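For reference, the chains in residue letters:
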Amino acid sequence: MAEAPVSCDCFVSLPPGSRDDHVIFGKNSDRPREEVQEVAHYPAASHPPGSMQECTYIQIPQVEHTHAVILSKPAWMWGAEMGANDQGVCIGNEAVWTREPVSPGEALLGMDLVRLGLERGDSAWAALTVITSLLEQHGQGGPCREDPEPFSYHNTFLLVDRNEAWVLETAGRLWAAQKVTEGVKNISNQLTIGAEVSAEHPELRSVAQAQGWWDGEGEFNFSRVFSPENPPARMELAKQRYKGGTELLQQHDGSVTAEVMISILRDKPSGICMDSGGFCTTGSMVSVLPRDTSLPCIHLFTATPDPSRSVFKPFVFSDCCTPVLRVVSPQFGADDPVRKKPRFQSQVDRRHDLYKAHQVALNTMETNPDEGLAIHEILRELESQCLSEISAMLNGEIPGEELGDLFFDCVDTEIKFYQ
């Protein structure tokens with residue numbers, strides 16, 4: 001089987017790891033090179049009793065109320081690689097393989113669980129309990145890429161709010177979680193929770209004992225007990241990225257800002273900014289969650305591949321968010337290859353307006369280096385202006401309400417510039 005095109009890196013910095021009294025979240029989503037990632041906003045909604053939610057492959061019962069969310073998501077699926085809700089919760093997921101076999105059937109994707117956690121959880125812990133209960137009820141599984149060749153995995157998650165972070169690592173329906181209240185932490189495509197388990201599936205240890213993975217007497221180390229004996233090459237390679245990410249975070253421990261997190265996501269030597277063979281970083285996200293609840297949370301998205309050649313554009317939840325349709329992919333309804341069975345028998349063009357314009361600009365950067373450098377410098381200046389406006393707002397110099405259309409304005413400016 002060809003090398004599986006998936007790997008990601010998630011990061012969090014909590015005070016005193018952050019320079020200011022902010023929690024900083026970041027993620028690079030590394031996916032098949034041709035896959036389009038859109039950024040979509042879904043407002044808060046109330047739902048009638050008994051209604052069902054259609055996820056990527058299966059339907060599940062809907063809840064009475066869902067929070068507003070902003071998601072960076074592969075355009076073909078219902079779920080998301082990463083995102084935030086209007087309660088100040090951010091979640092990102094990672095592919096992982098464990099000793100528990102991956103179920104071949106269709107169930108909830110890890111990306112569906114990211115979105116469901118955001119829609120239903122008003123804190124990182126609440127989102128974690130949403131995900132673990134849905135995992136128990138419906139399981140995880142199904143094709144994780146837009147391809148008839150089956151490819152599935154289990155998931156780890158980083159869940160963050162204004163006060164704390166949780167690392168959630170799963171093996172089938174089993175799970176372990178670790179609470180993080182200060183400093184810096186990153187996850188890559190491997191199990192990282194050792195003996196410091198803060199919460200767990202009630203049958204986690206009994207299953208491990210019954211399988212002969214743990215003797216029931218010594219220290220229970222989750223990653224040691226559940227990591228596969230012959231891990232896929234992708235997991236082995238992730239060890240280097242995990243180590244590189246940890247080193248970059250530790251270099252900036254005590255001074256992490258949005259700018260620092262963006263620079264980490266752009267780091268190519270570590271492999272965190274991925275560009276290798278059939279896959280690359282297809283979307284990136286950084287969030288600033290102030291501990292002061294009177295200040296809004298800021299969520300920055302690229303909506304384009306390769307963060308080193310993309311612009312991070314800020315989104316703020318407000319009562320009057322202008323829909324940003326130029327970063328939303330076309331819809332194909334019942335004719336979508338993901339909806340027809342057998343699935344993925346054909347391809348459709350899912351590129352949104354910004355993605356198309358950005359592709360042209362990338363081509364210019366490669367074919368005409370001088371013009372490319374000029375484009376690059378102007379885009380960095382645009383991003384720098386946005387970041388300074390955000391900084392001014394968080395210092396109380398600009399009222400936050402004025403930033404409701406900032407994402408729309410930045411996308412519009414970027415597209416006009418490319419044209």
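Residues numbered from 1 in each chain as written. Predicted model: local features only at pLDDT ≥ 70, side-chain atom pairs only at ≥ 80, totals over all residues. Heavy atoms only, no water.

1. As for the overall build of the chain
A count of helical and extended segments in the chain gives nine helices and 19 strands. Here the C-alpha atoms of the chain give a radius of gyration of 20 Å, agreeing with the 22 Å that 2.2 N^0.38 yields for 419 residues. Reported as C-alpha extents along the three principal axes, the dimensions of the chain are approximately 60 × 50 × 50 Å. Across the chain, contacts joining residues at least 24 apart in sequence account for 71% of those joining residues at least 6 apart. Of the roughly 16,600 Å² of accessible surface on the chain, 49% is carried by carbon and sulfur atoms. Of note, the chain has its 34 positive side-chain charges centred 5 Å away from the centre of its 60 negative side-chain charges. (Helix = DSSP H or I, 4+ residues; strand = E, 2+ residues; numbered from the N terminus. Rg over C-alpha atoms; globule rule 2.2 N^0.38 Å. Contact = heavy atoms within 4.5 Å. Areas by Shrake-Rupley, 256 points an atom, 1.4 Å probe, with all protein chains shown as cover. Lys, Arg positive; Asp, Glu negative; His and termini not counted. Charge placed at Lys NZ, Arg CZ, Asp CG, Glu CD.)

2. A closer look at the sheet that holds strand β3 (residues 37-42)
The strand order across the open sheet formed by eight strands is β3-β8-β9-β10-β11-β12-β13-β15, and the pairing between neighbours is antiparallel. Here the strands that pair on one side only, and so sit at the sheet edges, are β3 and β15 (199-200). Note that strand β10 (residues 90-96) and strand β11 (residues 154-160) share seven bridges and pair antiparallel. Looking at the pairing, Val 96 lines up with His 154 of β11. (Pairing = 2+ DSSP bridges.)

3. Some details on unusual backbone geometry
Omega for the bond connecting Pro 15 with Pro 16 falls within 30 degrees of zero, at 10°, which places this linkage in the cis form. Relative to the helices and strands, Pro 16 is located in the loop between β1 (7-14) and β2 (22-32). Residue Pro 342 is bonded to the preceding Lys 341 through a cis peptide linkage, with omega at -5°. Within the secondary structure layout, Pro 342 lies in the loop between β19 (313-315) and α7 (353-367). A positive phi is found at Ala 303, a non-glycine position, where the angle reads about 60°. Among the secondary structure elements, Ala 303 is positioned in the loop between β18 (298-301) and β19. For Asp 306, which is not a glycine, the phi torsion comes out positive at approximately 60°.

4. Some points on helix α2 (residues 124-138)
With 15 residues, α2 should cover 21 Å at 1.5 Å per step; its first-to-last C-alpha distance of 21 Å lies within 8% of that length. Restricting attention to buried positions, one finds in α2 the residues Ala 124, Ala 126, Ala 127, Leu 128, Val 130, Ile 131, Thr 132, Leu 134 and Leu 135. Buried residues in α2 make contact with β6 (59-61), β10, α1 (110-120), β11, β12 (165-171) and β13 (174-180). Of the residues one or two after α2, Gly 139 is the one with positive phi, at around 75°. (Expected span 1.5 Å × (residues − 1). Buried < 20%, exposed > 50% of the residue type's maximum accessible area, 1.4 Å probe, protein only.)

5. A closer look at the packing of aromatic side chains
Tallied over the entire structure, the rule returns twelve aromatic pairs. Here Trp 97 and Tyr 153 contribute two aromatic rings whose centre-to-centre distance is 5.9 Å and whose plane-to-plane angle is 70°, an arrangement assigned as edge-to-face. Placement of the pair is Trp 97 in the loop between β10 and α1 and Tyr 153 in the loop between α2 and β11, with a sequence separation of 56 residues. The class of Tyr 153 is buried, set by a relative accessible area of 3%. An angle of 75° between the planes, with centres 6.5 Å apart, marks the rings of Phe 301 and Phe 407 as edge-to-face. With Phe 301 in strand β18 and Phe 407 in helix α9 (residues 406-418), the pair connects residues that are 106 residues apart, well separated along the chain. Of the two residues examined, Phe 301 and Phe 407, each falls in the buried class. Taken together, the aromatic side chains of Phe 301, Phe 315, Phe 317 and Phe 407 make up a single cluster linked through ring pairs. (Phe/Tyr/Trp six-rings, centres within 6.5 Å; stacked < 30°, edge-to-face > 60°.)

6. Examining the confidence of the model for the chain
Taken residue by residue, the chain gives an average pLDDT of 94. The fraction at 70 or more is 98%. Across residues 1-5 the pLDDT falls below 50, and counting only partners more than four positions away or on other chains, this stretch makes 15 contacts in the model. (pLDDT = per-residue confidence, 0-100.)

7. Let's talk about the pairing of strand β9 (residues 82-85)
Every second residue of β9 is oriented toward a common face, with Met 82 and Ala 84 on one face and Gly 83 and Asn 85 on the other, all of them buried. One ladder, built from four bridges, connects strand β8 (residues 69-74) with β9; its direction is antiparallel. Bridged to Ile 70 within β9 is Ala 84. Judged from the three bridges that link them, β9 and β10 form a sheet pairing that is antiparallel. Within β10, the residue paired with Met 82 across the bridge is Gly 92. Between β9 and β10, which pair antiparallel one after the other, the connecting turn spans four residues, and Gly 88 there sits at a positive phi close to 85°.

8. Let's talk about the pattern of salt bridges
If you walk through the whole model with that rule in mind, you get 24 salt bridges. Note that Arg 241 is salt-bridged to Asp 9, the shortest N-O span being 2.7 Å. Note that Arg 241 is positioned in helix α5 (residues 233-251) and Asp 9 in strand β1, a separation of 232 residues in sequence. Comparing Arg 241 with Asp 9, the two get one shared label, buried. Salt-bridge contacts for Arg 326 lead to Asp 412; the nearest nitrogen and oxygen are separated by 3.8 Å. (Salt bridge = Lys/Arg side-chain N within 4 Å of Asp/Glu carboxyl O.)

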